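Residue-level structure breakdown
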Amino acid sequence: MARAVSSVQNETTQHDLDIADLLAANIGDDRDPYTTYHAARAQAPVQRVNHLGADVVMVYSYEHASVVLREQERFSARINGRWMRPLLGRTILEMDEREHFVHRRLIGHAFRPSIVGKWEDGLIRPTVAMLLDRMAEAGHAEMVREFTWQMPVRVFASILGVPSVDYARWQQWAIDLERAAIDRPRGKKASDEVRRYFEDVVATRRQAPSDDLVSDLVAAEIEGERLPDDVLHGFLRLLVPAGAATTYRLMGNLLLALLSDPSQLEAVRADRSLVGEAVEEALRWEAPVQFAVREALSDTELGGVEIPAGSAVTACLGAANRDPARFPDPDTYDVHRTDKQHLTHMAFGDGVHRCLGEHLARLEATVAFNAILDRFSSLELDPSDMDPHVLGYAFRSPNAVPIRFKAA
Ligand code: HEM
């Protein structure tokens, strides 16, 4: 991985991020959707509602959300193809049963633990160090612009073998694909450009494999089966937003949760074994991705609600993660939860489509947070006028995390 390390170090700065562009992808500016979710869940855990302009069956309880995501013979993922395929092509997110199993095995091979482990030292640590170096002198920073958005998008671009000169373009594509639900033409343009970009990369790696994920995916073969070209390109395009934007949200939520409660921040600083707990609790407390959608394959029933075949059934992961029947005192961010129930959160989904990148996301957040604690001996929210808060309906992340610190 020597190539990736040096590209991180030589790479130029891009600070001129339009944060409004990025936040618009969250869809909605709700600070607290949870009060509504609690009220809805208490009334009926499964309900017919209008969600983003469509009639869906919305599922608010942990128990019923888990049924929707685990019982693929009743609830199909093919509905994801309706909006995703025109934008990204065919992806594993819309596949069911054997087709999903085969493709997931092929792709999962490229994310095996030995590979993810190599990324830790070769890519994640140097990227984190480089970004913290940049801000160390100033004594203050706005972490969304300068760190949480910058880090995972760069790590993922490097994982895919994107040279550092292309990072700025890559970041813009990630934002445009993220915002596709609200600006389809811009999303489609970005998607076409990513496809063209990867066509060249795939052709090159077929001829001369390198030490990167694209080479691995191109060569992946299990029992004589390889990834068909349309699925390979669908997957690569899915990874642009999936690999970067979700992890950036997790890191922002984590930072804001801990900085808003200095006693918990200092507890984690004093006992680093709590960093893992802090990451999991952040995933439970503010699920970066709030919804996962399925389609009822036949007439069925859930939580006393009759569901006709073909209905969209939406598991509200944010509501499931705050279900008091599963998590005591669910609205409190607490790194000291002793019952360990928080580890069963649904932020990465559930069942066969459970997130393929969860280990990478956890690793990035853990490495980054440990490095921040190592580098900054005192760390606090800057009392600026930025009014930092988590917001969004479909996705959740902070508008800003302004900090003041002393370098260690
Ligand atoms: C905190 C970070 C992340 C969160 C919260 C997250 C969330 C999710 C969720 C909720 C699903 C399930 C969707 C469904 O069931 O419909 C999912 C699937 C997926 N995620 Fe992530 N994700 C994160 C990071 C990543 C990363 C870093 C990658 C890239 C390696 C990734 C790649 C994927 C893929 C490929 C799937 C589809 C899996 C399948 O269909 O079998 N995710 N993610």
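Residues numbered from 1 in each chain as written. Predicted model: local features only at pLDDT ≥ 70, side-chain atom pairs only at ≥ 80, totals over all residues. Heavy atoms only, no water.

Before going further, it helps to spend a moment on the sheet that holds strand β11 (residues 376-381). Spatial strand order, β4-β14-β11: three strands in an open sheet with antiparallel pairing. Of all strands in the sheet, those bounded by a partner on one side alone are β4 (140-142) and β11. Going from strand to strand, the sheet's axes swing by 25 degrees on average, the running direction of each strand aside. Bridge count for β4 against strand β14 (residues 402-407) is three bridges, and the pairing is antiparallel. (Pairing = 2+ DSSP bridges. Helix = DSSP H or I, 4+ residues; strand = E, 2+ residues; numbered from the N terminus. Axes fitted to C-alpha atoms, helices over the stretch in contact; angles between N-to-C directions.)

Next up on the list: the coordination of the iron atom of the ligand. Just one protein atom coordinates the iron atom of the ligand, and that atom is Cys 355 (SG), at 2.3 Å. Along the polypeptide, Cys 355 turns up in the loop between α16 (317-320) and α17 (358-375). (Donors = N, O, S within 2.8 Å, 3.2 Å for Na, K, Ca; no water.)

Further remarks concern unusual backbone geometry. Despite not being glycine, Ile 27 has its phi angle at roughly 60 degrees, a positive value. Within the fold, Ile 27 resides in the loop between α2 (19-24) and α3 (34-43). One non-glycine residue with positive phi stands out, namely Lys 340, at about 65 degrees. Judged by its relative accessible area of 39%, Lys 340 falls in the partly exposed class. (Buried < 20%, exposed > 50% of the residue type's maximum accessible area, 1.4 Å probe, protein only.)

With that settled, consider the site of the ligand. By nearness alone, 28 residues border the ligand, and His 100, Arg 104, Arg 294, His 353 and Cys 355 come closest of all. In the environment of the ligand, an oxygen atom lies 2.7 Å from a nitrogen or oxygen atom belonging to the side chain of His 100. At 2.6 Å, a side-chain N or O of His 353 approaches an oxygen atom of the ligand. Considering every element that reaches the shell around the ligand, the biggest residue donor is helix α13 (residues 229-259), with eight residues. Here the residues of the shell around the ligand sort into 19 nonpolar, seven polar and two charged. (Near = heavy atom within 4 Å. Polar contact = N/O pair within 3.5 Å; in protein donor to acceptor, adjacent residues only side chain to side chain. Nonpolar A, V, L, I, M, F, W, Y, C, P; charged D, E, K, R; others polar.)

Helix length check: helix α6 (residues 97-109), at 13 residues, gives a terminal C-alpha distance of 18 Å against a target of 18 Å (1.5 Å per residue), a fit within 8%. Taken together, the buried positions of α6 are occupied by His 100, Val 102, His 103, Leu 106 and Ile 107. Axial view of α6: buried residues confined to an arc of 165 degrees, hence all on one face. (Expected span 1.5 Å × (residues − 1). Arc of directions from axis to C-beta.)

Counting residues in hydrophobic clusters, the biggest one holds 104 residues, and the most contacted among them are Phe 111, Phe 147, Leu 160 and Phe 198. At 18 residues, the largest contribution of residues to this core is made by α13. What Leu 160 contacts, discounting residues up to four positions off in sequence, is Trp 170, Phe 198, Asp 212, Leu 213, Val 214, Leu 236 and Leu 239. Among the nonpolar cores identified, the runner-up in size contains 19 residues, and Val 68, Leu 302, Val 305 and Met 346 belong to it. (Core = buried A, V, L, I, M, F, W, Y, C linked by side-chain atoms within 4.5 Å. Contact = heavy atoms within 4.5 Å.)

Applying the stated criterion across every chain yields a total of 13 aromatic pairs. Considering the side-chain rings of Trp 170 and Trp 173, the 6.3 Å spacing of their centres and the 70 degrees angle between planes classify their relative orientation as edge-to-face. Residue Trp 170 and its partner Trp 173 are located together in helix α10 (residues 167-178), separated by three residues, close to a single helical turn. As far as burial versus exposure is concerned, Trp 170 and Trp 173 are alike and both buried. Residues Tyr 197 and Phe 198 carry aromatic rings whose centres are separated by 5.9 Å and whose planes lie at 85 degrees to one another, so their mutual orientation is edge-to-face. (Phe/Tyr/Trp six-rings, centres within 6.5 Å; stacked < 30°, edge-to-face > 60°.)

Quick look at the confidence of the model for the protein now. On average, residues of the protein score 91 in pLDDT, and 96% of them are at 70 or above. Note that residues 1-15 has pLDDT below 50 and, in this model, 32 contacts with residues that lie over four places away or in other chains. (pLDDT = per-residue confidence, 0-100.)

Attention shifts here to the pairing of β14. Side chains on a regular strand alternate between the two faces of the sheet. Examined bridge by bridge, β11 and β14 share five bridges and lie antiparallel to one another. Each residue of the ladder has a partner; that of Leu 381, found in β14, is Ile 403.

What follows concerns the packing of α10 against helix α11 (residues 184-207). Two elements in contact, α10 and α11, have axes separated by 8 Å at closest approach and are oriented at 135 degrees. Considered as vectors, α10 and α11 are oriented oblique to each other. As α10 packs across α11, the resulting crossing turns out to be left-handed. On α11, the residues touching Arg 169, Trp 170, Gln 172, Trp 173, Asp 176 and Leu 177 of α10 are Arg 186, Gly 187, Ala 190, Ser 191, Glu 193, Val 194, Tyr 197 and Phe 198. Grouping the amino acids of the contact of α10 with α11 by side-chain chemistry returns seven nonpolar, three polar and four charged. (Parallel < 35°, antiparallel > 145°, perpendicular 65-115°, else oblique. Left-handed = near helix turned anticlockwise from the far one by under 90°.)

When two helices pack together, their arrangement is given by the angle between the helix axes and by the axis-to-axis distance. Close contact between α11 and α13 brings their axes to 10 Å; oriented N to C, the two are set at 120 degrees. Comparing the axis directions of α11 and α13 gives the class oblique. Seen from above, α11 lies across α13 with right-handed handedness. In this structure, α11 contributes Ser 191, Asp 192, Val 194, Arg 195, Phe 198, Glu 199, Val 202 and Arg 206 to the contact, and α13 contributes Asp 229, Leu 232, His 233, Leu 236, Arg 237 and Val 240. Its residues assigned to classes, the contact of α11 with α13 comprises six nonpolar, two polar and six charged.

Across six bridges, strand β1 (residues 46-51) lies against strand β2 (residues 54-59) in antiparallel orientation. Bridging across to β2, Arg 48 finds its partner in Val 57. Hairpin connection between β1 and β2: a loop of two residues separates the two successive antiparallel strands, and Leu 52 in this loop has a positive phi of roughly 50 degrees. Across three bridges, the pairing between β2 and strand β10 (residues 312-316) is parallel. Of the residues in β10, the one forming a bridge with Val 57 is Val 313.

For the rest of this paragraph, the subject is the sheet that holds β10. Spatially, the five strands line up as an open sheet ordered β1-β2-β10-β7-β3, and their pairing is mixed. With one partner strand each, in any of the chains shown, β1 and β3 (75-76) form the two edges of the open sheet.

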